[in-house]
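Observations on the model geometry
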Amino acid sequence: MGRSALELADIFRAHGSAWRQAQHGHLSLGQLKVMSAIEQCRSAALGGHVLRCEACAQLQIAYNSCRNRHCPKCQASAARRWLEARQADLLPVEYYHVVFTLPAPISAIAYYNKAPIYDLLFEVAAETLRTIAADPKHLGAHIGATLVLHSWGSALTHHPHVHGIVPGGGLSPDGQRWVACKPGFFLSVRVLSRLFRRRFLEELTKAHRAGQLQFFAEYAALSDANAFAEWLAPLRAVEWVVYAKRPFAGPAAVLAYLSRYTHRVAISNSRLLALDERGVTFCCKDYRAKGRTRYKTMTLDAHEFMRRFLLHVLPGGFHRIRHYGLIANAARRQHLAQARALLHLLPDPPQPQLPDGVAIVQPTFLCPHCGAAMIVIETFARGELIRAPPTWRAAP
């Protein structure tokens, strides 16, 4: 795809300085780092290199990427590498898409308690899936799941939820057979929702007692245990949103879905439409509407747009993609090999052995004109003025 006419970086470059001054003392170090990274991404500020095609001698200047996980321009290559590693994990079974969503009151306090509440969202959602699946009344199997955190709604509001990709079956308790789901049906979402609600509120209460939560402004009174218990009481009586979509159309569709969701940021450059005196106009989706009326546009003041985007900066070191059960990192290979054997799959064919000291190396850069490999012939440091690319050609 070509460069988007408007990019998130353009908005931060135009309004970021004024926003920093207006919000002085209210922005976290993590948010400031994200703003700086996006502003500098693929610009001379980060340095770069000059490439030459080995086939057609075409020259190209490439600026370095910021590689920040909140930058929309840096996620495509990261997603591609991650997907290549995940291809070997897929099984020839139906895969289901399950979503666990926190209710609005908990989302409100989650903004000031991202690490503990997001962790609970992951752990309780995974526990719920594995507990219900292990119950003989439902499936009676040990399953696996990949969970991906999204903290945003289409309008950039704070809306924490996890997307789960789950194989349609699992290993029997004795590990001797593969237990498949009923065709087109995974687990009862009503049962999942009730257990998820109960376990999350139990764990959230424990976190409060352990002093792991903090409260500010209108929620400051919730620091008191009795006030917090009273505040939680209504949440025990409402339905929590858990839903499962129909199964994917084969493993290839699972990978296509993952490529869109695993490394997604709060808003992509392709959704940005305009930046003018009214503010930032972008595409959004109204999930309450149907058909074409679901897709709309929204305009926000530039400062409000940046505020909403920065709501979704994750704590440092926080993992937003996690694997559980059969595909947990600790025993993934063993469990997948066992599952393939029970599904009567042949093991992956052995890779050809290369002579010692010989390795197959894929080119890092490809020529946009002829597709041949490009090599780096010159580099320039961060902030260094860029001169015209060299006009000489290497001897053949």
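Predicted model only: the values in this text are computed from it and were never measured.

**Some words on the overall build of the chain**
Scanning the chain for helices and strands turns up 10 helices and 14 strands. Across its three principal directions, the C-alpha atoms of the chain cover 75 × 60 × 45 Å. The buried share of the chain, reckoned over its 396 residues, is 45%. A separation threshold of at least 6 residues defines the contact pool for the chain, and within that pool the share at least 24 residues apart is 71%. Put simply, the chain shows about 21600 Å² of open surface, and 54% of that area lies on carbon and sulfur atoms.

**Quick notes on the side chain of N68**
Here N68 is to be found in the loop between β2 (59–63) and α3 (75–86). A relative accessible area of 17% places N68 in the buried class. With residues near it in sequence (within four places) discarded, N68 still touches K33, V34, A37, C74 and Q75.

**Details of the pattern of salt bridges**
Under the defined criterion, the tally for this structure stands at 16 salt bridges. The salt bridge involving R199 is made with E127; its shortest N-O contact spans 2.6 Å. With a gap of 72 residues between them, R199 in helix α6 (residues 189–209) and E127 in helix α5 (residues 114–134) connect regions that are remote in the sequence. Assessed through its relative accessible area of 14%, R199 is described here as buried. In this structure, the salt-bridge partner of D286 is K296, at a minimum N-O distance of 3.0 Å. Placement of D286 in the loop between β10 (279–285) and β11 (295–300) and of K296 in strand β11 is noted, with a sequence separation of 10 residues between them. In this structure, a network of salt bridges that share partners links the residues E127, R198, R199, E202, E203 and K206.

**A look at the sheet that holds strand β14 (residues 373–380)**
Strand pairs in the sheet, formed through backbone hydrogen bonds, run parallel or antiparallel to each other. Strand order in this open sheet of 4 strands is β2-β1-β14-β13, and the pairing throughout is antiparallel. Sheet topology places β2 and β13 (365–366) at the edges, where each strand pairs with a single neighbour. Here 5 bridges tie strand β1 (residues 48–53) to β2, and the two strands are oriented antiparallel to one another. Bridge assignment links V50 to a residue of β2, and that residue is I61.

**Considerations on α3**
Along an α-helix, a turn takes 3.6 residues, which lines up residues three or four apart on a common side. The end-to-end C-alpha separation of α3 is 16 Å, in line with the 16 Å expected for 12 residues at 1.5 Å each. Listing the buried residues of α3 in full gives Q75, A78, A79, W82, L83 and R86. Along the axis of α3, the buried residues cluster in a sector spanning 130°; they form a single face. In α3, the exposed positions that point more than 90 degrees away from the buried face belong to A76, R81 and E84.

**Brief notes about the sheet that holds strand β12 (residues 321–325)**
Strands sit in the order β8-β3-β5-β4-β12 across an open sheet of 5 strands; the sheet is antiparallel. Here the strands that pair on one side only, and so sit at the sheet edges, are β8 (242–244) and β12. Each strand axis lies, on average, 20° off the axis of its neighbour in the sheet, ignoring direction. Across the face of the sheet, α5 comes into contact with β3 (95–101), β4 (144–152), β5 (158–167) and β12 while running at roughly 145° to β4.

**Quick word on the confidence of the model for the chain**
For the chain, the mean per-residue pLDDT works out to 86, and 90% of the residues sit at or above 70. Here residues 385–396 scores under 50 on pLDDT; set against residues more than four positions off or in separate chains, the count is 16 contacts.

**Looking at a nonpolar patch on the surface**
On the surface, V189, V241 and Y243 cluster together into a nonpolar patch covering about 230 Å² of accessible area. Structurally, V241 can be placed in the loop between α7 (225–232) and β8.

**Regarding the packing of aromatic side chains**
Aromatic ring pairs: the centre-centre distance and the angle between the two ring planes describe each pair. The full count for this structure, using the stated rule, is 13 aromatic pairs. For the ring pair Y111 and Y112, a centre distance of 5.1 Å and an interplane angle of 75° mean the geometry is edge-to-face. Looking at Y111, the relative accessible area reads 26%, which means it is partly exposed. Of the residues examined, Y112 reaches a relative accessible area of 38% and is grouped as partly exposed. Among the aromatic residues, ring-to-ring pairing joins F100, F196, F200 and W240 into one connected group.

**Some words on the packing of α5 against α6**
Contact geometry for α5 and α6: axes closest at 9 Å, N-to-C directions at 140°. Judged by the angle between their axes, α5 and α6 are oblique. Here α5 runs over α6; the crossing is right-handed. Where α5 approaches α6, its residues I117, L120, L121, V124, A125, E127, T128, L129, T131 and I132 are matched on the opposing element by V191, L192, L195, F196, R199, F200, E203 and L204. Considering only residue class, the contact of α5 with α6 consists of 13 nonpolar, 2 polar and 3 charged.

**Description of the nonpolar core**
One finds I106, I117, L129, F186, F196, F200 and L204 to be the most contacted residues of the largest nonpolar core, which totals 49 residues. Within the residue set of this core, elements represented by two or more residues are β3, α4 (104–110), α5, β4, β5, α6 and α7. The element that contributes the greatest number of residues to this core is α5, accounting for 11 residues. Ignoring sequence-local partners within four residues, the contact set of I106 consists of I117, F200, L201, L204, W231, L235 and W240. Grouped together as the second largest cluster of nonpolar side chains are 31 residues, M35, L156, A266 and F282 included.

**Let's talk about unusual backbone geometry**
Its identity as a non-glycine residue notwithstanding, R67 has a phi of 60°, on the positive side. Mapping R67 onto the fold places it in the loop between β2 and α3. We note that A217 has phi near 50°; this positive angle belongs to a residue other than glycine. Of note, A217 is situated in the loop between α6 and α7. The exposed category is assigned to A217, whose relative accessible area is 68%.

So, how was this worked out
Residues numbered from 1 in each chain as written. Predicted model: local features only at pLDDT ≥ 70, side-chain atom pairs only at ≥ 80, totals over all residues. Heavy atoms only, no water. Helix = DSSP H or I, 4+ residues; strand = E, 2+ residues; numbered from the N terminus. Buried < 20%, exposed > 50% of the residue type's maximum accessible area, 1.4 Å probe, protein only. Contact = heavy atoms within 4.5 Å. Areas by Shrake-Rupley, 256 points an atom, 1.4 Å probe, with all protein chains shown as cover. Salt bridge = Lys/Arg side-chain N within 4 Å of Asp/Glu carboxyl O. Pairing = 2+ DSSP bridges. Expected span 1.5 Å × (residues − 1). Arc of directions from axis to C-beta. Axes fitted to C-alpha atoms, helices over the stretch in contact; angles between N-to-C directions. pLDDT = per-residue confidence, 0-100. Patch = residues over 30% accessible without salt bridge, like charges linked within 9 Å, V, L, I, M, F, W, Y side chains within 5 Å. Phe/Tyr/Trp six-rings, centres within 6.5 Å; stacked < 30°, edge-to-face > 60°. Parallel < 35°, antiparallel > 145°, perpendicular 65-115°, else oblique. Left-handed = near helix turned anticlockwise from the far one by under 90°. Nonpolar A, V, L, I, M, F, W, Y, C, P; charged D, E, K, R; others polar. Core = buried A, V, L, I, M, F, W, Y, C linked by side-chain atoms within 4.5 Å.

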